[in-house]
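Coordinates in review
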Amino acid sequence: MARSFLIHSDPEALAEGAANHVVRAAGGAIEDHGCFRWVLAGGKTPRHLYTLLASAAFRSRIAWEHVHVFWGDERHVPPDHPDSNYRMARETLLAPLAIPDHHVYRIPAELPDAQAAADQYEATIREAFGLSPPAIPCFDLVLLGMGQDGHTASLFPGSPALQETRRLVLAPWVEHLRAYRITLTPPAFNHAKHILFLVAGADKALTLQAVFNGPYRPDRFPCQLIRPLNGQVTWLVDQAAASCL
Ligand code: 6PG
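Since the structure is predicted, the reported quantities are computational estimates derived from the model, not experimental observations.

Before going further, it helps to spend a moment on the site of the ligand. For the ligand, the set of nearby residues contains 15 residues, the closest of which are Lys44, Thr45, Asp73, Arg75 and Ala153. For the ligand, an oxygen atom lies 2.8 Å from a polar atom in the backbone of Lys44. Residue Ala153 places a main-chain N or O atom 2.6 Å away from an oxygen atom belonging to the ligand. If the ligand stood free it would expose 420 Å²; the protein chains cover 89% of that surface. Here the shell around the ligand is composed, by residue class, of two nonpolar, eight polar and five charged.

See below:
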């Protein structure tokens, strides 16, 4: 695994740096195999990136007709819920760019049974890649954030999902949220060609320091699990998040 770490002055510069990474990854994937299979992150940080990519400054730099979007995780809510990661991406990226529905692989988090949603999403991913178990798909780019507790996607500290080695999607119960989440698993992430972490804000500084300079404790800091076998991990952070490094 190759790892790089880039510090940007503020969240705006971080979003611009990330947008340039997405442009490069998309161009390379489309040239190589005719499509760009991109896993979106949830939370607040990617919002500025998505808006920027849909803006006049960037929208013409990607061949959006060849872009297929997936999600790394989703809250167990309907797609129009304020907490939905899909809703945020639809409002900032998918609708403004008119990404066709058949290129949008949404997690069916409206299903009452979260594990059924996870199973259905796994089948969707496998069908999109034309892969049967035990093969694991290789996403061209995976966008991830990091929580203050060191979680990424919906892989939270102490979760049984951290030990998964075979399935692509799980629906762990998250006790402190009193809710189910649906999330890709470490093997699904670690087969990606390129992982791009986006981390901003002083509230992440101590965690980032522990993740980078502390011992390898993935059960406590799940984002340490993200080490793609044959891929590249790039951390884009702002100065506030990097202030303890
Ligand atoms: C989610 C995300 C989650 C997020 C981190 C950081 O569904 O919330 O997948 O892993 O990336 O919690 O969130 P912020 O970007 O809001 O700080």
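What follows picks up the thread again.
This paragraph deals with the pattern of salt bridges. One pass over the full model with this rule turns up seven salt bridges. Note that Arg87 and Glu91 form a salt bridge whose closest N and O atoms lie 2.8 Å from each other. Of this pair, Arg87 and Glu91 both sit in helix H3 (residues 85-97), separated by four residues, roughly a single helical turn. Between Glu175 and Arg178 there is a salt bridge; the shortest N-O distance is 2.7 Å.

The geometry of helix H1 (residues 11-33) relative to helix H2 (residues 46-53) is characterised by a closest axis approach of 9 Å and an angle of 55 degrees between their N-to-C directions. In terms of orientation, H1 and H2 fall into the oblique class. As H1 packs across H2, the resulting crossing turns out to be right-handed. Contacts between H1 and H2 pair Pro11, Glu12, Ala15, Glu16, Ala18, Ala19 and Val22 from the former with His48, Leu49, Leu52 and Leu53 from the latter. By residue class, the composition of the contact of H1 with H2 is eight nonpolar, one polar and two charged.

So, about the side chain of Glu74. Mapped onto the elements, Glu74 comes out in strand E4 (residues 73-75). With no salt bridge to any partner, buried Glu74 finds its closest opposite charge in Arg75, at an N-O distance of 4.9 Å. Within the structure, Glu74 has its side chain in polar contact with the backbone nitrogen of Tyr86 (distance 2.9 Å). If we skip the residues at most four places from it in the chain, Glu74 touches Asp83, Ser84, Asn85, Tyr86, Ile107, Ala109, Arg181 and Ile182.

Right, let's talk about the sheet that holds strand E10 (residues 232-238) for a bit. Spatially, six strands are ordered E1-E10-E9-E5-E2-E3 in an open sheet, and the strand pairing comes out parallel. This sheet does not close on itself; its edge strands, each paired only once, are strand E1 (2-8) and strand E3 (67-71). The sheet shows a mean angle of 20 degrees between the axes of neighbouring strands, direction not considered. Relative to E10, E1 runs parallel, the two being bridged by seven bridges. The residue bridging Phe5 from the neighbouring strand is Trp235, located in E10. Sitting on the sheet, H3 touches strand E2 (36-40) and E3, and the angle it makes with E3 is about 155 degrees. Of the strands in this sheet, E2 and E3 are in contact with helix H4 (residues 114-129), which crosses E3 at around 160 degrees.

Before going further, it helps to examine the packing of aromatic side chains. One pass over the structure, following the stated rule, counts 11 aromatic pairs. Aromatic side chains Trp173 and Tyr180 sit 4.9 Å apart centroid to centroid with 70 degrees between the ring planes, which places their arrangement in the edge-to-face category. Residue class for Tyr180 comes out partly exposed when judged on its relative accessible area of 39%. Through a chain of ring-to-ring contacts, three or more aromatic side chains come together here, namely Phe5, Phe197, Phe212 and Trp235. Here Arg106 stacks its cationic end above the ring of Tyr86, 5.6 Å away from the centre of that ring. In this structure, Arg227 is placed above the aromatic ring of Tyr216, and the distance from its NZ or CZ to the ring centre is 4.4 Å.

For helix H6 (residues 205-213), every residue scored as buried is listed here: Ala205, Thr207, Leu208, Ala210, Val211 and Phe212. Buried residues belonging to H6 abut E1, strand E9 (194-199) and E10.

Turning our eyes to something else, we now look at the environment of Trp173. Turning to its location among the elements, Trp173 is positioned in strand E7 (residues 173-174). Judged by its relative accessible area of 37%, Trp173 is partly exposed. Considered as a pair, Trp173 and Gln115 are 58 residues apart in the sequence and their alpha carbons are 10.0 Å apart. Dropping the residues within four chain positions of it, Trp173 is found in contact with Arg178, Ala179 and Tyr180. Engagement of the side chain of Trp173 in a polar contact is seen with the side chain of Glu175, the distance being 2.7 Å.

Reading guide: rules and limits
Residues numbered from 1 in each chain as written. Predicted model: local features only at pLDDT ≥ 70, side-chain atom pairs only at ≥ 80, totals over all residues. Heavy atoms only, no water. Near = heavy atom within 4 Å. Polar contact = N/O pair within 3.5 Å; in protein donor to acceptor, adjacent residues only side chain to side chain. Areas by Shrake-Rupley, 256 points an atom, 1.4 Å probe, with all protein chains shown as cover. Nonpolar A, V, L, I, M, F, W, Y, C, P; charged D, E, K, R; others polar. Salt bridge = Lys/Arg side-chain N within 4 Å of Asp/Glu carboxyl O. Helix = DSSP H or I, 4+ residues; strand = E, 2+ residues; numbered from the N terminus. Axes fitted to C-alpha atoms, helices over the stretch in contact; angles between N-to-C directions. Parallel < 35°, antiparallel > 145°, perpendicular 65-115°, else oblique. Left-handed = near helix turned anticlockwise from the far one by under 90°. Contact = heavy atoms within 4.5 Å. Buried < 20%, exposed > 50% of the residue type's maximum accessible area, 1.4 Å probe, protein only. Lys, Arg positive; Asp, Glu negative; His and termini not counted. Pairing = 2+ DSSP bridges. Phe/Tyr/Trp six-rings, centres within 6.5 Å; stacked < 30°, edge-to-face > 60°. Lys NZ or Arg CZ within 6 Å of the ring centre and 35° of its normal.

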